[in-house]
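# Reading the structure
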Amino acid sequence: MKRALMALACAATAALVAPAVAAPAQAQTSTQAQASAADPVAALRKQVVAGHGVRFVSTSTMSIAGITAVKFTANGGFAFGRSGIIASDSTQKMKYSDLLKEENDDLKDVEKPLHAIIIGSTGYLSGGVYTSLLPEGKPWLRLPDRQRPGSSLSLAEFVNPADWHSLKTVLATTKSKRPGGSVNGAKTTLYRGTITLSRLMKASPGIKDSFASLGSSPAKTVVSWKLWIGSDQLVRRASATADLKVKVKDDSVTFTLSDVSTFAGWGRKVTVKAPPKSKVAKVSDLEGDVPDTVILPD
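The structure contained in this document is the topic of the report that follows. (Residues numbered from 1 in each chain as written. Predicted model: local features only at pLDDT ≥ 70, side-chain atom pairs only at ≥ 80, totals over all residues. Heavy atoms only, no water.)

## Quick word on the overall build of the chain
Our working rule: Numbering of helices and strands runs from the N terminus, with a helix taken as a DSSP run of H or I at least four residues long and a strand as a DSSP run of E at least two residues long. Each residue is assigned to one of three classes by its accessible area relative to the maximum for its type, calculated with a 1.4 Å probe on protein chains only: buried under 20%, partly exposed between the two thresholds, exposed over 50%. It only takes one pair of heavy atoms within 4.5 Å for two residues to be counted as in contact.
The helix and strand inventory of the chain stands at seven helices and twelve strands. The burial tally for the chain puts 52% of its 298 residues in the buried class. Considering only contacts in the chain between residues 6 or more positions apart, those separated by 24 or more positions represent 66%.

Right, here's the structure in full:
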């Protein structure tokens, strides 16, 4: 059973850590749903100014049979262009349970902090699993044409409130609103609801990329979400959780993904720059085998 859990954890984290960003949401058929999403979405769209952005801090977990198998933390910032998120810069860290580490010695470097810079469709990664694989003098790995700048938010990236397409789709499924208390000094309203994974996948190709390969049933998978929205209609905190049932070898295993992210500094200047070319290696330069927890381009 431990090996089955290890296989699931490796497969899941390899798929879910793949960068993601939202695409235009599908048109809503309910006037009421559009109205409920109008103010926060309009407020967010006013923040989408070239050279500006938002900071985030995220913690997410993957649990299997009630046991936390993987914990993922990230902090960084998104940079906006006229079309939305165009770049991100974040530091990420993955921690596996002792049970899983007993089954895989390759997890040692995977747990080291990973610095991820994504500009357009190109990613630059340093540290983490690549710590001992990169050639001397080149601490960065370049991954072209496989990245999405709205990534780096969390392991369980069901909702990215910094992307107005995703925000609109989620808010259209609001079931209740009530006072949400103070988040980082801002008085908030708590929005909450549920949405199917299939609906999220239609709104975001990044979510589709992450979850499609896991073999779960997206139409039957329900994501419970909460958004704490300030008086200025900007999201201050977001959380989401869902149970995904997947097949591992001959077994069917259900694991739970949950996430809490906070956002601050809306509208401040955010600049994301690529590392110096002299410090950047290609995939073909890697020295050694990459663990199964990582997906690299062909």
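Back to the text.
## Concerning the pattern of salt bridges
Here the idea is simple: oppositely charged side chains can pair when their charged atoms come close. Defined as follows: Salt bridges are counted wherever a side-chain nitrogen of Lys or Arg sits within 4 Å of a carboxyl oxygen of Asp or Glu.
By the definition in use, this model includes one salt bridge. In this structure, Arg 236 engages Asp 232 in a salt bridge whose closest nitrogen and oxygen atoms are separated by 2.9 Å. Since its relative accessible area comes to 37%, Asp 232 is described here as partly exposed.

## A few points about unusual backbone geometry
One non-glycine residue, Asn 184, lies in the positive phi region at around 50°. Mapped onto the secondary structure, Asn 184 falls in the loop between strand E7 (174-183) and strand E8 (186-196). The residue Gln 233 is not glycine, and still its phi comes out positive at about 70°. Among the secondary structure elements, Gln 233 is positioned in the loop between strand E9 (222-230) and strand E10 (235-248). Relative accessible area serves as the criterion here: at 22%, Gln 233 is assigned to the partly exposed category.

## Describing the nonpolar core
The test is simple: Within this scheme, the nonpolar core is defined by two criteria: the residues are buried Ala, Val, Leu, Ile, Met, Phe, Trp, Tyr or Cys, and they are joined through side-chain atoms within 4.5 Å.
Ranked by size, the top nonpolar core spans 59 residues in total, and within it Tyr 130, Phe 158, Leu 171, Leu 227, Leu 244 and Trp 266 carry the most contacts. Each residue touching Leu 227, except ones within four places of it in the same chain, is listed here: Pro 161, Leu 167, Val 170, Leu 171, Thr 189, Leu 190, Tyr 191, Val 235, Arg 237 and Ala 238.

## Here we look at the packing of aromatic side chains
For any two aromatic rings, the description comes down to two numbers: the centre-to-centre distance and the angle of the planes. Under the convention used in this document: What counts as a ring pair is set by centres within 6.5 Å for rings of Phe, Tyr and Trp (its six-membered ring), and what kind of pair is set by the plane angle: stacked under 30 degrees, edge-to-face over 60, tilted for all other angles. Counted as over-ring charges are cases with an Arg CZ or a Lys NZ within 6 Å of the ring centre that also lie within 35 degrees of the ring normal.
Tallied over the full model, the rule gives two aromatic pairs. Centre to centre, the rings of Phe 263 and Trp 266 are 6.2 Å apart; their planes meet at 25°, and the pair counts as stacked. When sorted by exposure, Phe 263 lands in the same class as Trp 266, which is buried. Above the plane of the ring of Trp 164 lies Arg 45, whose end atom (NZ or CZ) is 3.9 Å from the centre. The ring of Trp 228 carries the charged tip of Arg 237 above its face, separated from the ring centre by 5.2 Å.

## Notes on helix H5 (residues 164-171)
Heads up, the rule is: A 3.5 Å cut-off defines polar contacts: any pair of N or O atoms within that distance qualifies, except that in protein one atom must be a possible hydrogen donor and the other a possible acceptor, and neighbouring residues in sequence count only when both atoms are side-chain atoms.
Most of H5 sits out of view: seven of its eight residues are buried. Residue Asp 163 occupies the N-cap position of H5, its side-chain oxygen lying 3.2 Å from the main-chain nitrogen of His 165.

## What to know about the pairing of E8
Inclusion rule: One bridge is not enough; two strands pair if DSSP finds at least two bridges between them.
As judged from the eight bridges shared by E7 and E8, these two strands associate in the antiparallel manner. In the sheet register, Thr 174 faces E8, and the bridge partner there is Gly 193. Hairpin connection between E7 and E8: a loop of two residues separates the two successive antiparallel strands, and Asn 184 in this loop has a positive phi of roughly 50°. Relative to E9, E8 is paired through nine bridges, and the arrangement is antiparallel. Of the residues in E9, the one forming a bridge with Arg 192 is Lys 226.

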